[in-house]
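So the chains spell out like this:
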Amino acid sequence: MARYILRRLLQFIPVFFGVTIIMFAMKNIVPGDPIKLIAGDKALTPEVELSLRVANHLVETDDQGNPILDDEGNPVPTPLWKQYGYYLDGLLHGDLGDSYSRKLSVTEIFANKFPYTAKLALVAIVIEAVVGIGAGLISAIKRYSFWDVLVTLVTSILVAIPAFWLGMLLQLFFGIILKNWTDGAVYLPISGAGGPASPFNDWVHYILPGITLAAVSTAYAARIMRSQLLEVMNQDYIRTAKAKGLSRRQIIYHHALKNALIPVVTYIGLDFGAMLSGAILTETVFNWPGIGYEIYRAITQRDWPIVMGGVTLIIVIVLIINLLVDISYAFLDPRIRYGAPKDEG
Amino acid sequence: MDEKQKFQAEKPSTENAKASKRTKGESLKGFKVARRSFLASSALAAGALSLSGCKKATNDSGEMGGTMNISISEPVSIDPYNLQESEGTQVGSQIFDSLTVYDFENQELDPAAAVSWEANSEATVFTFHLQPDARFHNGEPVTAKSFKRGWERLVNPNTNPDSPSVIGYHLAMVDGYADLEKGLGTELTGVTCPDDLTLVVKLSEPYADFPIVVSHPALAPVPEAALEDFATFFQAPIGNGPFKMKEGTKWESGQYIELVKNEDFYGEVPALDGVYFNIQKDIETAYREFQAGNLDIVHVPTAQLEAARQEYGTSEDGYTMTTGQEVLDGVQSSTYYLVVNNDDPVLKDRDLRIAISLAINRQNICDTVFKGTRVAADNIVPPGIIGYEEGAWHDSRYDPEEAENILNRKYPIDSTFSDGSPKRGSIGQIKLSSNIDGGHKEVMEVIMNDLKDVGIDVVLDQGEWASILNKYQTSDYQIGRLGWVSDYPIMDNFMYPLFYTGTGDNQSNYSNKEVDTLIERARKILDEDQRVAAFQQVNRIISEDMPVIPILFYKLDYVGSQRVEDVYIDPQMLIHLEQAMLTF
């Protein structure tokens, strides 16, 4: 297993470099000069524009940090490979650079926002795992019953509803209608992650965005769980278990469930990675201070240090989660052994 | 002194102002406490039903009742270092107090951190006399050096070498600016401080409107702490204004900024105990928070405007919120216009530009696309700007017959569109560029149809703002869409940046020697009436060339909750909280 993990960790390196190189290529291909965008509608003075290009390693400088000019007096742009070198150098020193427009370091921006994204993702993934697997189980065990029909119906609806619309409905009902009905006695916060002006403790703010973020995935998880369990229940070894005289409960929990869980765990694991990358719509509707909206804003404003920093962070998270998911297979299915010689596997 | 023009306005004695305002605040506060106690006990009675386990214990009584909750979107900066757009300026102008302040209601420039000022006869040297006893929120005295420090901080690229300020241009006319901007030296040599309370500013060229330039919140003084730890000051600035950052808090990006009143403010101490700026990403969500009673001032989404007017009432003057008249719809001092590439082989024809302007039904755009939240522009200079004249751009009106008359003389009908309608093929196809968001697409479609009606073939070129702006800045466009929000409420802030030859914001590439000369001359005139008249003349000459095509003026779209009283929002969208109160 240790050898497998080491091999997977080594595989991170080419993936990481590949993605960052693609990002650098995009930076040059996508139209829009990030420096000119900094002042919004208004133009920068040529001196300020040059200072910004120097500060962000976009033009070549001499030893004193003064821009190098060509024969026509124009600053010489830094070649892309060199910009990439500056980026890697910063990264190895734990520095993701400074945002073009926010005047703060990218590390600081993400240090402020990532905890909110991570906590919300955790809430959503718990909802997804508990409700999704639970509903899928009930649906499969009580096949064609009222509960099965209910789960199928609800999951169909959830899959069809866009997250932002569900979020709005929840806000209207729990934030406004319920508050009016109960004369302000019972309601939930509409937006934000808490803070001093909120009458609620911060954790209450996670309820509605957590449900919204989890909704579609929960529906998928339930459906995958249902179909997998039904498929496993038709396997020979389940028939053998039945013949042995095991109870239905023992068959499901000791034999069927672990096998049926593998695709569900894969799905939930990948989904957790996606959630940790930020959720633009949920963050927008619930005014959540996460990284998704920050990266979206950075893309529209060509704030490349934030985009690059965000992508770097996301790559690392997704790679680690994928590795954890793969490792978890070994615990779910004893036949899966990583790193062992082929003849033993 | 005879040759000097002296501007001096008597300010009520600081002590008196403080005393009267405090009395007002205290009496109100007593009422609020009583009301709040009542609410607290009602909530307790309903305790069994409430999510009481989730609710925070409230602090002591009156304080929260005196805090106004205002929705803003994420600021770029709340530190004068980079104060540039409406949201950051909103917060920055509560924390900082600049030398002067423009009073839109009375159309006059009032003293703020300066009690008086004077200029020499050439309008090149300005002397500001500062408020005595003024202090920053950390107790440090506000002196002339604090202003010099603040201004040099903006211009010097080494203040934060990783992220230089982009708004040093406010001081472009100050002597020594060019060298400091290049990083040569550390001083803005044109600014001197003969004593703690006297600030002398020498300009490199005459500029009579300078006292209004220094009303910009970015030109506020900063304490020594601003130069010590950039990141800390940037997120929790220490100013000299009527409100200060709540102790131990900072700007929580994407969440909130919490201000409390500055009891030691030298001007009028606010009646409010504090302001809570709730940073919202989406105006629809902010409006739902408002409907739930959690926010006091928000933008109204266009689709909700009529319902909001009926429920909350519309302000009489469009700018002041009072109980029962909480929706503001006053015209803003910003213009939505079409920028025309005057170097384009087709559009360099002035008559064609005028015909295009006459063919556009601006009122139809206001009514259909913006549901009355904009007004048709009759001038590039919007109302609220000193010297605005109604209808000054005579050809910024809807007159399709006149447009056709002009076009028939040079570009007769010679072909047809695919639907058979007449077309002026000799003009060729004109590309109309715009960013796709913010309702611009719909506006451009209306304009395209209006132009088709007079036989002009238009094709839309739409994209993200980043790529479209790039086209404007490299003159790779024919007609585009832009908005202009002035930094100061003066005509010069439209005439010079948009129409003076070669400025960075003159994206129409308009160049008229006569206009350049008249702008230079107008900038030297110390007498305000004569200066305004000179700029009005410049404006008329430009309007005859129609280098850009004014389309709309923006309008305010704020609504206040029923507890908001006496909030004035000026045409530059700045919320004035000096008189603001909360009632129940």
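Residues numbered from 1 in each chain as written. Chains lettered and ligands numbered in written order. Predicted model: local features only at pLDDT ≥ 70, side-chain atom pairs only at ≥ 80, totals over all residues.

Caption draft 1: Region of interest: the packing of helix α9 (residues 236-244) of chain A against helix α10 (residues 248-276) of chain A. All names here are of chain A. Running from N to C, α9 and α10 cross one another at 150°; their axes reach a closest spacing of 11 Å. Regarding the angle of α9 to α10, the classification is roughly antiparallel. In this structure, the crossing between α9 and α10 has a hand that is right-handed. Between α9 and α10, the contacting residues are Tyr-237, Ile-238, Ala-241 and Lys-242 on the first element and Ile-251, His-255 and Ala-256 on the second. When grouped by side-chain class, the residues that make up the contact of α9 with α10 number 5 nonpolar, 1 polar and 1 charged. (Axes fitted to C-alpha atoms, helices over the stretch in contact; angles between N-to-C directions. Helix = DSSP H or I, 4+ residues; strand = E, 2+ residues; numbered from the N terminus. Parallel < 35°, antiparallel > 145°, perpendicular 65-115°, else oblique. Left-handed = near helix turned anticlockwise from the far one by under 90°. Contact = placed C-beta atoms within 7 Å. Nonpolar A, V, L, I, M, F, W, Y, C, P; charged D, E, K, R; others polar.)

Caption draft 2: Representation of the interface of chain B and chain A in the model. Facing the 54 residues of chain B at the interface are 52 residues of chain A. Counting residues per element, the ones that place at least two in the side of chain B that touches chain A are α8 (230-235), β10 (256-261), β11 (274-279), α9 (283-291), α15 (465-473) and β20 (479-485) of chain B. Of the residues forming the side of chain B that touches chain A, the biggest block, 6 residues, is contributed by α15(B). Split into classes, the residues belonging to the side of chain B that touches chain A amount to 19 nonpolar, 21 polar and 14 charged.

Caption draft 3: Summary view of helix α13 (residues 304-332) of chain A. Residues and elements named next belong to chain A. An ideal rise of 1.5 Å per residue puts 42 Å on 29 residues; α13 measures up with 41 Å between its terminal C-alpha atoms. Considered for burial, the residues of α13 that qualify are Trp-304, Pro-305, Ile-306, Val-307, Met-308, Gly-309, Gly-310, Leu-313 and Ile-317. Next to the buried residues of α13 lie α1 (2-29), α2 (34-37), α4 (80-92), α5 (106-141), α10 and α12 (291-300). (Expected span 1.5 Å × (residues − 1). Buried ≥ 20, exposed ≤ 12 C-beta atoms within 10 Å, placed from the backbone.)

Caption draft 4: The domain arrangement of chain B, seen in detail. All names here are of chain B. If you check the domain split of chain B, you get domain 1 (35-275), domain 2 (280-328 + 560-575) and domain 3 (331-555). At the junction of the two partners, domain 1 supplies 10 residues and domain 2 supplies 13 residues. Across the side of domain 1 that touches domain 2, the residue classes tally to 3 nonpolar, 7 polar and no charged. (Domains from an automatic or database assignment.)

Caption draft 5: The pairing of strand β19 (residues 458-463) of chain B, seen in detail. Residue and element names in this part refer to chain B. Bridge count between strand β18 (residues 430-435) and β19: 6 bridges; the pairing is parallel. Looking at the pairing, Ser-434 lines up with Gln-462 of β19. With helix α14 (residues 440-453) bridging β18 and the parallel β19, this β-α-β connection has right-handed handedness. (Pairing = 2+ DSSP bridges. Right-handed = clockwise from strand over helix to strand, strands pointing away.)

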